[in-house]
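Here are the chains, one letter per residue:
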Amino acid sequence: MVTHSPVRKQARPNPFLGSVQEFWQKRGPDLIPPIIGIAVFLTVWQLVSWSGATRLPGPLSLWTDTRTRELLLYPFFDLGGLNKGLFWQTLASLGRVAQGYSAAAVVGIGVGVLVGTSPWLNKATYPIFQFLRMVAPLAWVPIALVALQQNQPAAIFVIFITSVWPILINTIEGVRQIPEDYDNVAKVLQLSRKDYYLNILFPSALPYIFTGLRIAIGLAWLAIIAAEIVMSGIVGIGFFIWDAYQQNYISEIILAVFYIGFVGLLLDRAIAFLQTKIAPARK
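Given the structure is predicted, the values throughout are model-derived calculations rather than measurements.

Caption draft 1: The arrangement of the packing of aromatic side chains in detail. If you walk through the whole model with that rule in mind, you get 10 aromatic pairs. Ring geometry for Phe129 against Trp165: centres 5.8 Å apart, planes inclined by 45 degrees, an arrangement best described as tilted. With Phe129 in helix H5 (residues 119–132) and Trp165 in helix H7 (residues 151–176), the pair connects residues that are 36 residues apart, well separated along the chain. Among the aromatic residues, ring-to-ring pairing joins Phe41, Trp45 and Phe258 into one connected group. The ring of Tyr249 has Arg67 sitting right over it, with the charged end atom 3.8 Å from the ring centre.

Caption draft 2: Region of the structure containing helix H9 (residues 193–230). Its 38 residues give H9 an end-to-end C-alpha distance of only 46 Å, which falls more than 12% under 56 Å, the value for a rise of 1.5 Å per residue. In the structure, H9 departs most strongly from a straight axis at Leu206, where the bend amounts to approximately 50 degrees and where the proline Pro207 lies between one and four residues downstream.

Caption draft 3: Representation of the pattern of salt bridges within the structure. On inspection of all chains with the given rule, the structure shows six salt bridges. With a shortest N-O distance of 3.5 Å, Lys26 and Glu22 are connected by a salt bridge. Highlighted residues: Lys26 and Glu22, both in helix H1 (residues 15–51), separated by four residues, approximately one helical turn. Taking relative accessible area as the criterion, Lys26 reaches 59% and is therefore assigned exposed. Given the relative accessible area of 42%, Glu22 is considered partly exposed. Taking the shortest distance from any N to any O, the salt bridge between Arg214 and Asp268 comes out at 2.9 Å. Of this pair, Arg214 sits in helix H9 while Asp268 sits in helix H11 (residues 250–278), and the two are 54 residues apart along the sequence. A cluster of three or more residues bridged by salt bridges with shared partners is formed by Arg214, Asp268 and Arg269.

Caption draft 4: Representation of the side chain of Asn122. Relative to the assigned elements, Asn122 resides in helix H5. Not counting residues within four places of it along the chain, the set of residues in contact with Asn122 comprises Val115, Ile172 and Arg176.

Caption draft 5: Seen up close, the packing of helix H3 (residues 66–73) against H11. The contact between H3 and H11 brings their axes to 8 Å, and the two run at 30 degrees. One way to sum up the angle between H3 and H11 is to call them roughly parallel. For the pair H3 and H11, the sense of crossing is right-handed. Contacts from Arg67, Thr68, Leu71 and Leu72 in H3 reach Ser251, Glu252 and Leu255 in H11. Per-class residue counts for the contact of H3 with H11 are three nonpolar, two polar and two charged.

Thresholds applied
Residues numbered from 1 in each chain as written. Predicted model: local features only at pLDDT ≥ 70, side-chain atom pairs only at ≥ 80, totals over all residues. Heavy atoms only, no water. Phe/Tyr/Trp six-rings, centres within 6.5 Å; stacked < 30°, edge-to-face > 60°. Helix = DSSP H or I, 4+ residues; strand = E, 2+ residues; numbered from the N terminus. Lys NZ or Arg CZ within 6 Å of the ring centre and 35° of its normal. Expected span 1.5 Å × (residues − 1). Bend = angle between axes of the 7 residues up to and from the residue. Salt bridge = Lys/Arg side-chain N within 4 Å of Asp/Glu carboxyl O. Buried < 20%, exposed > 50% of the residue type's maximum accessible area, 1.4 Å probe, protein only. Contact = heavy atoms within 4.5 Å. Axes fitted to C-alpha atoms, helices over the stretch in contact; angles between N-to-C directions. Parallel < 35°, antiparallel > 145°, perpendicular 65-115°, else oblique. Left-handed = near helix turned anticlockwise from the far one by under 90°. Nonpolar A, V, L, I, M, F, W, Y, C, P; charged D, E, K, R; others polar.

Read these as geometric descriptors, not functional statements.
Following this line, the structure appears as structure tokens:
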């Protein structure tokens, strides 16, 4: 009598696990060091807090504190007025940053190209730009409030005036660094003004312009926090921090700081991603 051994079914590979393994094999060596660094930093912070050397609560307070835990679990609540979750507070700040930063990008690139292509204008405006860019964002707040009379437009103006200088100055430098050979080729080919701008000026100056845009987005995010702290009574992550400080909710301040850092990192990565698509680095 012939007996047949039972045929064992082969397990089908799980595509999700395969993707995770592939991702970890590629990115693991780059992810492990920052994960360890963050874990060590948070552990040291928590130990210092437990030692009583400082009144600052440790990172665990973000979960052990009831108010902060509710803010973490319910970021979308909206009870009207200024009583909103951190999602809406952050969104309000981002809306102001979007308006002020967009205006700064348009003005900074436009004026930068104009000044960069005119040596006389460059000499005439250089001391003014260098003087104004040294003014701290908070110093613009009272000027903006006096000039515009309302918190919302004043906050947008503070973002604009803080972020416009790196865009402007980097655009001027980018236009000035265009190789002379390119200009000579444009003259030989008798390119029109439009063709010169589209085919020579902007492609050559784009790396400098994006450097200015990346610096400016960080300054814009810093400026809105400072402006909202000073301009009380408007929804925003800056006002949230100031309100928590006045009520001695230190854990809420720490949570908001985490939000600010995370959003700032996302904004910087977004501009860097845009740069890789529009002006990739030359190899």
